[in-house]
Every structure is written in C-alpha cells, then in structure tokens.
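Survey of secondary and tertiary structure
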Amino acid sequence: MSKDKHGLGDVEFAGKVKTQTFKQFQLERLIKNGTVIPASKLAEVKELELQRVRDFEAASDDEEHHRRTATAAPKDKLENLPTRERFDE
C-alpha cells in the first residue's frame, strides 16, 4: 500500500456533498447578510412601498374631506358632559 491509501481503511460514506460554484456561494452569503436583495424580493418590497404610499394618500384625502364636511358639536353638548361618580366599596 502506498502512503496515501494507508489511512483510508475506516472511511464510511456519509452522504452527497453539496457542490456549488464560488459565485453561487458568494451570492448566497451576501443574501444571508442582507447585502444583496434578489430581484423578486426587491419587486415585492417596491410593491409594498407603493401600496403604503397609496394608503397614506387615501387616508390624507379622507381626513381633508372629513375636516371640510364634519360639523362641530353643539356648545351646550360639549359643556354639559355627563360625569360618572367613583364607585367605592
């Protein structure tokens, strides 16, 4: 036996080794660290951001409309608010 094969007598099969290129490894590492965002995730984030902007603008328009159309409460109703007595046991 040669010197290289001498220590391989007790080697057992453990499973298939996952192989990937260096570029795939780097990309996977950058995605895990949050440095790179995949295009699909970027499109999803962009859509969520656009939806948030649309919701904010709609809420702003609703608030403006409410301010213009809402009537103030009568003065006597604001002054004579019912109060509750404290309940003591």
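These numbers were taken from a predicted model, which means no experiment stands behind them.

A word on the overall build of the protein chain
If you tally the helices and strands in the protein chain, you get three helices and zero strands. For the protein chain, the proportion of its 89 residues judged to be buried stands at 0%. For the protein chain, the accessible surface area stands at approximately 9,700 Å², while carbon and sulfur atoms represent 56% of it.

With respect to the pattern of salt bridges
With the rule as written, the count across this model stands at four salt bridges. Notably, a salt bridge pairs arginine 54 with glutamate 47, separated by 3.0 Å at the nearest N-O pair. A relative accessible area of 41% places arginine 54 in the partly exposed class.

Overview of the confidence of the model for the protein chain
Keep in mind that low pLDDT regions are not for reading the predicted coordinates in detail. Across the protein chain, the average pLDDT comes to 79, with 88% of residues at or above 70. Element-level mean pLDDT values for the protein chain span from 78 in helix H3 (residues 75-79) up to 90 in helix H2 (residues 39-69).

Some remarks on a negative patch on the surface
Taken together, the side chains of Glu57, Asp61, Asp62 and Glu64 present a region of like negative charge at the surface. Checked against the element boundaries, glutamate 64 lands in helix H2.

Cut-off values and rules
- Residues numbered from 1 in each chain as written.
- Predicted model: local features only at pLDDT ≥ 70, side-chain atom pairs only at ≥ 80, totals over all residues.
- Heavy atoms only, no water.
- Helix = DSSP H or I, 4+ residues; strand = E, 2+ residues; numbered from the N terminus.
- Buried < 20%, exposed > 50% of the residue type's maximum accessible area, 1.4 Å probe, protein only.
- Areas by Shrake-Rupley, 256 points an atom, 1.4 Å probe, with all protein chains shown as cover.
- Salt bridge = Lys/Arg side-chain N within 4 Å of Asp/Glu carboxyl O.
- pLDDT = per-residue confidence, 0-100.
- Patch = residues over 30% accessible without salt bridge, like charges linked within 9 Å, V, L, I, M, F, W, Y side chains within 5 Å.
- Lys, Arg positive; Asp, Glu negative; His and termini not counted.
- Charge placed at Lys NZ, Arg CZ, Asp CG, Glu CD.

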